[in-house]
Amino acid sequence: MTALDTNALAAHLAELRKLAMAKYEAEPLPTGDAARAALERELAALDLKSNIADLETNGYTVLPPGKAKPLEFFDQLREAILRLAKDDRSRNLGPQSGLGNTLFHLLPQDRIFEQAATAPAPLALVTYLLGYRAKLSQSTGLVKDRRAKALAIHADHSGKIPAPWPSVAQYCNVTWVTTDYSRENGAVCVWPGSHRFCRPVPRQLVMAHDHEEVEVLEVPKGSVIVWHGSLWHGAVPRTAGGERVTLVLPHVRDHVQAQEMYWATATAQMIERNNSRFCALMGLYSAYPWLHDGPPATLALAAGTGSQFE
Ligand SMILES: O=C(O)CCC(=O)C(=O)O
């Protein structure tokens, strides 16, 4: 096997970073005290204060239908996922897995996923948990039918962040519910407050879906659930006919490696039609990675000023 020619990849990344810097110059992301003030304003304007209280207390919150996007958007999202499921090329975990039929790296495949990733209310909650430079980590469609098993109770920090975990989230999950969640429909279940344990789920509890502390999130289509990466959660098995269709958009803090390489599949058109926040989601302001061409100019800027990128 010969080594990959990385010239094209380096040139692609350099070009996207250049476009992203132009976006940044037009619309810098707030840092430090300005970031705190900007977030405070956003949370007030979007009426998300009670969601922040939920995140702090329970480790998760639910945006009710109408808050993230209108209901029709969720119908379009479901249709897009089901259309892409017909021709899926990802290394699918299979309909019988606890995650169901899994479609990975959806973002570049339909613009609707960009619209979901940049929806103001869920994104403000991501900002609260991970900061303005949070990166998108996955864009995964889950389609579950009655073959879907229970999904083991786990925390998303597991396998990514060495335990014991810091109390500040390094990863968060934004789950778009495009079909009603109920116990029969195989809803997500959570252990409220477990994000404060800062440790993985003990082996003896991974299949404890009926534990008295575990709550099944029976929420209607149109809801968006956001949770802290340390929250213990899973899903109950689907017993009903039909399909549960979900879009999962996990995010990471800037220093954590995203699971999917968005900088590799983002296009100039995607950058052109979006703002600087979207460029951050794509990892285009991150100090890494680099190839033979060395660190990006953005890193030199940060080292030089000590203030542009905090
Ligand atoms: O939607 C589900 O079934 C669970 C998804 C999940 O646990 C995850 O993405 O971490």
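The structure presented is a predicted model; accordingly, all values stated were derived computationally and were not measured. Sequence positions are assigned chain by chain, starting from 1 and proceeding in written order. Residue-level local features of this predicted model are given only where pLDDT is at least 70; pairs of side-chain atoms are given and counted only at 80 or more, and the full residue set underlies all totals for whole chains, interfaces and linings. Note: side-chain values were computed over all heavy atoms of the structure, leaving out hydrogens and water.

A.B. asks: Any chance you could break down the overall build of the protein for me, citing the residues and the numbers?
C.D. replies: The secondary structure listing takes helices from DSSP runs of H or I that are at least 4 residues long and strands from runs of E that are at least 2 residues long, numbered from the N terminus. Counting secondary structure elements, the protein contains 10 helices and 12 strands. Values of the radius of gyration come from C-alpha atoms, whereas the globule rule sets the reference at 2.2 Å times the count of residues to the power 0.38. Compactness check: the protein gives a C-alpha radius of gyration of 19 Å against a globular reference of 19 Å for 310 residues, within 12% of the reference. Scored against the burial criterion, the 310 residues of the protein give a buried share of 52%. Any two residues having at least one pair of non-hydrogen atoms within 4.5 Å are treated as being in contact. Across the protein, contacts joining residues at least 24 apart in sequence account for 85% of those joining residues at least 6 apart. A 1.4 Å probe and the Shrake-Rupley method give the accessible areas. Residues count as covered only by the protein chains that appear here. Surface accessibility of the protein: about 14,200 Å² in total, with carbon and sulfur atoms responsible for 54%. Charge counting treats Lys and Arg as positive and Asp and Glu as negative, with His and both chain ends excluded. To locate a charge, the coordinates of NZ of Lys, CZ of Arg, CG of Asp or CD of Glu are taken. The protein carries 31 positive and 32 negative side-chain charges, and their two centres are separated by 3 Å. Any residue under 20% of the maximum accessible area for its type is buried, any over 50% is exposed, and the rest in between are partly exposed; the area is computed with a 1.4 Å probe on protein chains only.

A.B. asks: For unusual backbone geometry, give the residues involved together with the corresponding values.
C.D. replies: A cis amide bond links Ala-163 with the next residue in sequence, Pro-164, at an omega value of 0°. Tracing the sequence through the fold places Pro-164 in the loop between strand S5 (151-154) and strand S6 (171-177). Positive phi, close to 60°, is recorded for Asp-47, a residue that is not glycine. Here Asp-47 shows up in the loop between helix H2 (32-45) and helix H3 (49-58). The backbone of Cys-198 sits at a positive phi, close to 55°, despite the residue not being glycine.

A.B. asks: Residues and numbers for the side chain of Glu-114, please.
C.D. replies: With respect to the secondary-structure elements, Glu-114 resides in helix H5 (residues 111-117). Whenever a nitrogen or oxygen atom comes within 3.5 Å of another N or O atom, the pair is scored as a polar contact, on the condition that within protein one atom can donate a hydrogen and the other can accept it, and that pairs from neighbouring residues in sequence are kept only if both atoms are in side chains. There is a polar contact of 2.7 Å between the side chain of Glu-114 and the side chain of Arg-273.

A.B. asks: Before we move on, could you go through the sheet that holds S5 and cite the residues and values that matter?
C.D. replies: With respect to topology, 4 strands assemble into an open sheet ordered S5-S10-S7-S8, the strand pairing being antiparallel. Every interior strand has two partners, whereas the edge strands, S5 and strand S8 (215-216), have only one. Paired strands are those between which DSSP finds at least two bridges. Across 2 bridges, strand S7 (residues 188-190) lies against S8 in antiparallel orientation. Bridged to Val-190 within S8 is Glu-215.

A.B. asks: Run through the pattern of salt bridges, naming residues and quoting values.
C.D. replies: Here a salt bridge means any side-chain nitrogen of Lys or Arg lying within 4 Å of a carboxyl oxygen belonging to Asp or Glu. Per the stated rule, a full pass over the model turns up 9 salt bridges. Arg-133 is the partner of Asp-254 in a salt bridge, and the nearest nitrogen-oxygen pair spans 3.1 Å. Here Asp-254, found in the loop between strand S12 (251-252) and helix H7 (262-265), pairs with Arg-133, found in the loop between helix H6 (120-130) and strand S3 (135-136); they are 121 residues apart in sequence, far enough to count as distant. What makes Arg-133 buried here is its relative accessible area of 14%. Each of Asp-75, Arg-78, Glu-79 and Lys-221 takes part in salt bridges that share partners, so that together they form one network.

A.B. asks: Provide a residue-level description of the packing of H3 against H6, including the pertinent values.
C.D. replies: The axes are straight lines fitted to the C-alpha atoms, using for helices just the contacting stretch, and the angles between their N-to-C directions are given from 0 to 180°. Relative to each other, H3 and H6 sit at 45°, their axes nearing to 11 Å. It follows from the interaxial angle that H3 and H6 lie oblique. Considering how the two elements wind past one another, H3 and H6 form a crossing that is right-handed. Note on element contacts: H6 touches H3 through Leu-125, Tyr-128 and Leu-129, opposite Asn-51, Ile-52, Leu-55 and Glu-56. Here the contact of H3 with H6 is composed, by residue class, of 5 nonpolar, 1 polar and 1 charged. Roughly parallel means an angle under 35 degrees; roughly antiparallel, over 145; roughly perpendicular, 65 to 115; everything else is oblique. In this scheme the handedness of a crossing depends on how the near helix is turned from the far one: anticlockwise by less than a right angle means left-handed, clockwise means right-handed. Ten residue types, Ala, Val, Leu, Ile, Met, Phe, Trp, Tyr, Cys and Pro, are classed as nonpolar, four, Asp, Glu, Lys and Arg, as charged, and the remainder, Gly among them, as polar.

The quantities given are spatial measurements derived from coordinates; they are silent on function.
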